[in-house]
Amino acid sequence: MNSSVPNNFGASQKLMALAQHLRQYRPPPSPFDDDDDDEEQKLEESAGKLVSQLGFAESVTSVAQQPPERFRPKRAAVLICLFEGDSGELRVILTKRSSKLSTHSGEVSLPGGKAEETDANDAETATREAKEEIGLNPSLVNVVTCLEPFLSKHLLRVIPVIGILSNKKDFKPCPNAAEVEDVFDAPLEMFLKDENRRSEEREWMGDKYLIHFFDYEMSDKKYLIWGLTAGVLIRAASIVYQKPPAFLEQNPKFKVPRVVQNDTIMP
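Criteria and thresholds
- Residues numbered from 1 in each chain as written.
- Predicted model: local features only at pLDDT ≥ 70, side-chain atom pairs only at ≥ 80, totals over all residues.
- Heavy atoms only, no water.
- Helix = DSSP H or I, 4+ residues; strand = E, 2+ residues; numbered from the N terminus.
- Buried < 20%, exposed > 50% of the residue type's maximum accessible area, 1.4 Å probe, protein only.
- Polar contact = N/O pair within 3.5 Å; in protein donor to acceptor, adjacent residues only side chain to side chain.
- Contact = heavy atoms within 4.5 Å.
- Pairing = 2+ DSSP bridges.
- Axes fitted to C-alpha atoms, helices over the stretch in contact; angles between N-to-C directions.
- Core = buried A, V, L, I, M, F, W, Y, C linked by side-chain atoms within 4.5 Å.

S.K.: Would you mind going over the side chain of Arg128 in detail, with residue names and values included?
M.R.: Here Arg128 is to be found in helix H3 (residues 122-134). A relative accessible area of 15% places Arg128 in the buried class. Of note is the side chain of Arg128, whose polar atom sits 3.4 Å from the side chain of Glu116. Setting aside chain neighbours within four positions, we find Arg128 in contact with Lys114, Ala115, Glu116 and Asp119.

S.K.: How would you summarise unusual backbone geometry if you had to cite specific residues and measurements?
M.R.: The backbone phi angle of Asn196 is positive, close to 50°, even though this residue is not glycine. Counting through the fold element by element, Asn196 comes out in the loop between strand E8 (180-187) and strand E9 (197-204). Relative accessible area serves as the criterion here: at 55%, Asn196 is assigned to the exposed category. Even without being a glycine, Asp220 presents a positive backbone phi close to 65°. Here Asp220 shows up in the loop between strand E10 (207-218) and strand E11 (221-226). For Asp220, a relative accessible area of 75% gives the class exposed.

S.K.: Tell me about the sheet that holds E9, and please be specific about residues and values.
M.R.: Judged by pairing direction, the sheet is antiparallel, and its three strands sit side by side in the order E9-E10-E11 without closing on themselves. Either end of the sheet is taken by a strand with one partner, and the two such strands are E9 and E11. In this sheet, adjacent strand axes meet at a mean angle of 25° when their direction is disregarded. In the sheet, E10 pairs with E11 via six bridges, with the strands oriented antiparallel. Along E11, the bridge assignment pairs Tyr216 with Tyr223. Strand contacts of helix H4 (residues 227-241): E10 and E11, with the helix running at about 80° to E11, the strand carrying the most contacts.

S.K.: So what's going on with the nonpolar core? Residues and values would help.
M.R.: Ranked by size, the top nonpolar core spans 42 residues in total, and within it Ile80, Leu94, Phe191 and Leu233 carry the most contacts. Looking at this core, the elements with two or more residues in it are helix H1 (13-23), strand E1 (75-84), strand E2 (90-97), strand E7 (157-165), E8, E10, E11 and H4. Among the elements that line this core, the one with the most residues is H4, at nine residues. Not counting residues up to four positions away in its chain, the partners in contact with Ile80 are Val92, Leu110, Leu147, Pro160, Val161, Ile162, Gly163, Val232, Leu233 and Ala236.

Right, here's the structure in full:
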């Protein structure tokens, strides 16, 4: 687990208890955790076990049997930055991507991006990207745990990093106009409720799965939270609140394609 130095100054008892609880969390082991000479053997042994997918974590999907070449997806991280709302509820910071971007334009996402060689760990990737995208100073965020990886539509391995913002008033959003159109927040618990939610069935390599869509409105603005972002937040909410969602997640048995090309994407 990657973690920053804890800083509980100004944190409420609720946030401090949450931080303590999340530090005990350990994600399921992944066949891609180590890049050593035993990786091919680990991949073969993990057949029938778990890797990740669009909106799904590694623990609900399976690796293709005996892949002919190593599957090493590029790494990225997103920041699930939690804070306490005015009513004491837990809320998460989200962004709406710029409509000018070439990929995922106008979509809702968590702050984050691809790892750089200079990043010490996933926490640094997530907090660095959050600073670049929305002006969130990493010193304000107490990183407490990392969740198991997800795979994006383009087979990018995404590590969700949970951090706690002790005082929301210390954060003054300063979005990078080239990347971010809007910064907003939503109650984390909404991702466990079967309200303002719908789903669509998709298929990947012969297996069917569900993509979840959450409609959300704040300050007379409407947002649609779906796909990978929704999947990550469903998992995060399940861990934080220690209960499953009130709807079927549709945990499929996805397989990584035997040959992964640069343009390989999921539907």
